[in-house]
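Letter by letter, the chains look like this.
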Amino acid sequence: MSAKPVYLGVIGVGGVGTAFLNQLSRLPSPPQLILLARSTQTLLSPAPAYTPSIAPGDWATAQSTPSITKAGALSVDEIASYLSSAPGRSVLVDNTSDPALASAYPTFLKKGISIVTPNKKGFSSDLSLWKDIFASAAQGSSLVYHESTVGAGLPVISTLKDLVATGDEVTRIEGVFSGTLSFLFNIFAPVSSSGSSAPWSQVVAQAKELGYTEPDPRDDLNGMDVARKLTILARIAGLDVQSPESFPIESLIPSELASLPSTPDGIQQFMTRLPGFDSQMTRIKEDAEKNGKVVRYVGSIDVPKKEVKVGLQLFDKDSAIAGLKGSDNIISFYTKRYGANPLIVQGAGAGGDVTAMGVTADLLKALERLR
Ligand SMILES: NC(=O)c1ccc[n+]([C@@H]2O[C@H](COP(=O)([O-])OP(=O)(O)OC[C@H]3O[C@@H](n4cnc5c(N)ncnc54)[C@H](OP(=O)(O)O)[C@@H]3O)[C@@H](O)[C@H]2O)c1
Ligand SMILES: N[C@@H](CCO)C(=O)O
Ligand code: NA
C-alpha cells in the first residue's frame, strides 16, 4: 500500500529554517512542501490542486517560479484554512521564535494540523497555553513534537518522556541548558587560565555570529532561554509551573542596558554598548579563579521540592560541567531507577544544523504516524 500524502507548511527560514530545508531536501520520501513563509513573504502551491509543491532544495529561487503563488504575510486563520483544506493530513513546522504564532498552535491543532517546532514559546509561556495545546491536539487528532525546544537536537524531551511514560520517578534534572552560555563561559573562563583572554562582549558577538544565540541575544543573557527550557522539562516531569517568571532567574544583562527596546535597533544598540560593561563579567570570572574554581551558568529542577533554579554557580575545575567544550549542553536525569548514577545526555546544544536535526527527526516521527 502506498503512503498517504502529507502536506507541509514551513514558517521561518533563518539559521534553523535554512538547515531544516536542506535536510528536508535530502529525505527519501519527503512530505509535499506547499507553504513557505518568512516575516513578510509567503510562497504557496496554488489551491485547490496544491500542486506543484515547492522544492525545498531550491526554496530561494521558488520566488521566481511562475507556477508558485506569492503573497505577503498571511494571518493565522488564512494559514490554518489553507493547510487544513489540502487533500491529506498536514504538518506545520514553526522555525520562528514568534510568541504570537506559538499562541495560535491550538487553532492549527484543532483543525487537524500537526505541529513540529524548535520554538520554545508555546510550551514555556503561561500554563494555560501548554494545557490548551495538548487538549487541542487530542481534539483534532493531531500531533505535537518539540524536541529541539530543549538541548537543540539532543534527545532530551524524548528521554524525559520515556522515563515518565515507563513509570520511572524523576527526582532531579540539572545541568547546562544553554548552548550560548556554555560557549560564552567555556571561552571566556576556560579551565586553564592560559586560555583565551577575549573580553566578554567579544565572545557574545562571536556566539551571535555562529548562530547559537536566540534571534535577540538578550534572551540568552537574561537567563530567560534557560528558564523556558526548565519550565518545559518541569512540566513534562509533572510540575504545574505557571510561567518561566515563577522562579528567580539570574540575569547577565547590565542593569544600564536592561531597558533597551526589543527591536532590531535595540539589539544593535545593546551589542554596541556591551563592551562598556566587560569589567563586570571579568570581576565574576576573577572571583571564581581566586577560589580555584570556574563559573558556569546552570539550571536545576528538584521535583519533590517543586523548586526550579537558574543562575551562576562555581565548579571545581575537574568537574564534568567545567570540562564542557564549545556550545555543549549536559543534562543529568536523576531517577528512582537510575539511582545515584544519573542518565546523562551531552553534546552540542545550539547551532542551525544540530537544531534542524531535531526538527527533521520529529517530522519523520510525525510522518510515520500520519501516513
Ligand atoms: N539557533 C539555535 O541554535 C537554536 C537552537 C534551538 C532552538 N532554536 C529555536 O529555533 C527557532 C529559530 O531560530 P533561528 O536561530 O533560526 O532564528 P532566526 O535565524 O532569527 O530566524 C527566524 C526566522 O523566522 C522568521 N519569522 C519570525 N517571525 C515570523 C513570523 N511571525 N512569520 C513568519 N516568519 C517569521 C524570520 O523571518 P525573516 O527571514 O523575514 O526575518 C526568520 O526567517 C527559535 O525559536 C529558536 O529559539 C534555535
Ligand atoms: N539560544 C539557545 C538556542 C538553543 O535553544 C541556546 O543558546 O541554547
Ligand atoms: Na532536544
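Everything below is about the structure shown above.
Below is a short write-up of the structure. Source: prediction; values computed, not measured.

Each value, and the rule that gives it
- Residues numbered from 1 in each chain as written.
- Chains lettered and ligands numbered in written order.
- Predicted model: local features only at pLDDT ≥ 70, side-chain atom pairs only at ≥ 80, totals over all residues.
- Heavy atoms only, no water.
- Near = heavy atom within 4 Å.
- Polar contact = N/O pair within 3.5 Å; in protein donor to acceptor, adjacent residues only side chain to side chain.
- Areas by Shrake-Rupley, 256 points an atom, 1.4 Å probe, with all protein chains shown as cover.
- Phe/Tyr/Trp six-rings, centres within 6.5 Å; stacked < 30°, edge-to-face > 60°.
- Helix = DSSP H or I, 4+ residues; strand = E, 2+ residues; numbered from the N terminus.
- Buried < 20%, exposed > 50% of the residue type's maximum accessible area, 1.4 Å probe, protein only.
- Contact = heavy atoms within 4.5 Å.
- Salt bridge = Lys/Arg side-chain N within 4 Å of Asp/Glu carboxyl O.
- Axes fitted to C-alpha atoms, helices over the stretch in contact; angles between N-to-C directions.
- Parallel < 35°, antiparallel > 145°, perpendicular 65-115°, else oblique.
- Left-handed = near helix turned anticlockwise from the far one by under 90°.
- Nonpolar A, V, L, I, M, F, W, Y, C, P; charged D, E, K, R; others polar.
- Pairing = 2+ DSSP bridges.
- Right-handed = clockwise from strand over helix to strand, strands pointing away.

Our focus in this paragraph is the site of ligand 1. Around ligand 1, the surrounding shell holds 23 residues, and the nearest of these are Ser 39, Thr 96, Asp 98, Glu 214 and Gly 351. The separation between an oxygen atom of ligand 1 and a polar main-chain atom of Gly 15 is 3.0 Å. At 3.4 Å from an oxygen atom of ligand 1 is found a side-chain nitrogen or oxygen belonging to Lys 120. In isolation ligand 1 offers 910 Å² of accessible surface; the protein chains occlude 78% of this area.

What follows deals with the packing of aromatic side chains. With the rule as written, the count across this model stands at nine aromatic pairs. Relative to Phe 123, the ring of Tyr 105 has its centre 6.0 Å away and its plane inclined at 45°; by these criteria the two rings are tilted. Of this pair, Tyr 105 sits in helix H5 (residues 105-110) while Phe 123 is found in helix H6 (residues 121-124), placing the two residues 18 residues apart along the sequence. In this structure Tyr 105 comes out as buried when scored by relative accessible area, which is 0%.

This brings us to helix H1 (residues 15-25). By the burial criterion, the buried members of H1 are Gly 17, Ala 19, Phe 20, Leu 21 and Leu 24. Elements in contact with the buried residues of H1: strand E1 (6-11), strand E2 (32-37), helix H2 (59-62), strand E5 (89-94) and helix H15 (352-370).

Right, let's get into the pattern of salt bridges. Under the criterion given, the structure shown has eight salt bridges. In this structure, Lys 120 and Asp 225 form a salt bridge, with 2.9 Å as the shortest nitrogen-oxygen distance. Of this pair, Lys 120 sits in the loop between strand E6 (113-116) and H6 while Asp 225 sits in helix H12 (residues 224-236), and the two are 105 residues apart along the sequence. Asp 225 matches Lys 120 in its accessibility class, with the two residues each being buried. One continuous salt-bridge network, built from bridges that share partners, spans Lys 120, Glu 214, Asp 225 and Lys 229.

Next up on the list: the site of ligand 2. Every residue lining ligand 2 is accounted for by Lys 120, Ser 178, Gly 179, Thr 180, Tyr 212, Thr 213, Glu 214, Asp 220, Asp 225, Lys 229, Gly 349 and Ala 350. The side chain of Glu 214 places a nitrogen or oxygen atom 2.8 Å from a nitrogen atom of ligand 2. If ligand 2 stood free it would expose 250 Å²; the protein chains cover 92% of that surface. For the shell around ligand 2, the secondary-structure elements that each account for two or more residues are helix H9 (179-188) and H12.

Okay, unusual backbone geometry next. Comment: phi is negative for the bulk of residues other than glycine, and the bulk of peptide bonds are trans. Here the residue pair Ala 47 and Pro 48 is connected by a cis peptide bond, since its omega of 10° sits within 30 degrees of zero. The linkage connecting Thr 51 with the following residue, Pro 52, adopts the cis geometry, with an omega of 0°. Mapped onto the fold, Pro 52 is located in the loop between strand E3 (42-44) and H2. Positive phi is not limited to glycine here, since Lys 306 has a value of about 55°. As for its placement among the helices and strands, Lys 306 is situated in the loop between strand E9 (293-302) and strand E10 (307-316). Under the relative-accessibility criterion, Lys 306 is labelled exposed at 65%.

A few words on the packing of helix H8 (residues 157-165) against H12. For the pair H8 and H12, the least separation of the axes is 10 Å and the interaxial angle reads 20°. Of the possible angle classes, the one that applies to H8 and H12 is roughly parallel. In this structure, H8 meets H12 at a crossing whose hand is right-handed. Each of Ile 157, Leu 160, Lys 161 and Val 164 in H8 lies in contact with H12, whose residues at this interface are Ile 232, Leu 233 and Ile 236. Of the residues contributing to the contact of H8 with H12, the split by class is six nonpolar, no polar and one charged.

Below, the discussion takes up the pairing of E2. With five of its six residues buried, E2 lies for the most part within the structure. Where E1 meets E2, five bridges bridge the pair, whose relative direction is parallel. Of the residues in E2, the one forming a bridge with Val 10 is Leu 36. Between E1 and its parallel partner E2, the chain crosses via H1, and the hand of that crossover is right-handed. Strand direction decides the pairing type here: E2 and E3, joined by three bridges, are antiparallel. Bridging from a neighbouring strand, Ala 37 pairs with Thr 42 of E3. In this structure, the hairpin formed by E2 and E3 is closed by a connection of four residues.

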